[in-house]
Amino acid sequence: YRELTGAAVRNLGSLEASSKESLAKLNPQAASLLSLQWIEDLEDIDKMKAVAKSSGEDPRIRTALTAKLTDALGSAYPPPLPPPAREPRNAEPQDGGDNPGTRSSAVF
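**Quick word on the overall build of the protein**
Then comes step 1: The helix and strand inventory of the protein stands at 6 helices and 0 strands.
Then comes step 2: Secondary structure elements of the protein occur, N-terminal to C-terminal, as α-α-α-α-α-α.
Then comes step 3: For the protein, restricting intrachain contacts to residue pairs at least 6 apart in sequence, the fraction spanning at least 24 positions comes to 61%.

Below, the structure is given as structure tokens:
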């Protein structure tokens, strides 16, 4: 499953037919191609967790799986991690910027 092409993933059909071990081995790019309907049709909690592990940070899949797992497990399922903080585009350099007392150690 780790080496599946996009076309192969789109032809998987029902995820219930796949083992949880196989679903856990999907690479994030392949997992991002899974149909939301296939995820909605999943009943096996272990298979849902396996897809959640393999799907990486795909917001579409994370949202669907988090909703299903939270409904199934309640507070036993942790919420998704918050997105990483982004620095403003015009942020000051961390090395002091224009401070004449600092040196650059860039090597060209």
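Following the structure, the description resumes.
**What about helix H5 (residues 45–54)?**
Then comes step 1: Where H5 is concerned, the buried positions are Lys47, Met48, Ala50, Val51, Ala52 and Ser54.
Then comes step 2: Among the structural elements, helix H2 (20–24), helix H3 (28–31) and helix H6 (59–73) are those in contact with the buried residues of H5.
Then comes step 3: With a side-chain oxygen positioned 2.8 Å from the backbone nitrogen of Asp46, the residue opening H5 is Asp44.
Then comes step 4: Looking at the residues trailing H5, positive phi occurs at Gly56, about 65°.

**A short note on the side chain of Ser22**
Then comes step 1: Locating Ser22 in the fold gives a position in helix H2.
Then comes step 2: On the basis of relative accessible area, Ser22 is assigned to the buried category, the value being 19%.
Then comes step 3: A polar side-chain atom of Ser22 sits 2.9 Å from a polar atom in the side chain of Ser19.

**Some words on the confidence of the model for the protein**
Then comes step 1: On average, residues of the protein score 78 in pLDDT, and 75% of them reach the 70 mark or higher.
Then comes step 2: Element-level pLDDT for the protein is lowest in helix H1 (residues 6–10), with a mean of 79, against a maximum mean of 91 in helix H4 (residues 36–41).

**A short note on the environment of Glu16**
Then comes step 1: On the secondary structure map, Glu16 appears in the loop between H1 and H2.
Then comes step 2: The exposure class of Glu16 is partly exposed, given its relative accessible area of 31%.
Then comes step 3: The contact partners of Glu16, leaving out residues within four places of it in the chain, are Asp41, Leu42, Glu43, Asp44 and Lys47.

Quick notes on the rules
- Residues numbered from 1 in each chain as written.
- Predicted model: local features only at pLDDT ≥ 70, side-chain atom pairs only at ≥ 80, totals over all residues.
- Heavy atoms only, no water.
- Helix = DSSP H or I, 4+ residues; strand = E, 2+ residues; numbered from the N terminus.
- Contact = heavy atoms within 4.5 Å.
- Buried < 20%, exposed > 50% of the residue type's maximum accessible area, 1.4 Å probe, protein only.
- Polar contact = N/O pair within 3.5 Å; in protein donor to acceptor, adjacent residues only side chain to side chain.
- pLDDT = per-residue confidence, 0-100.

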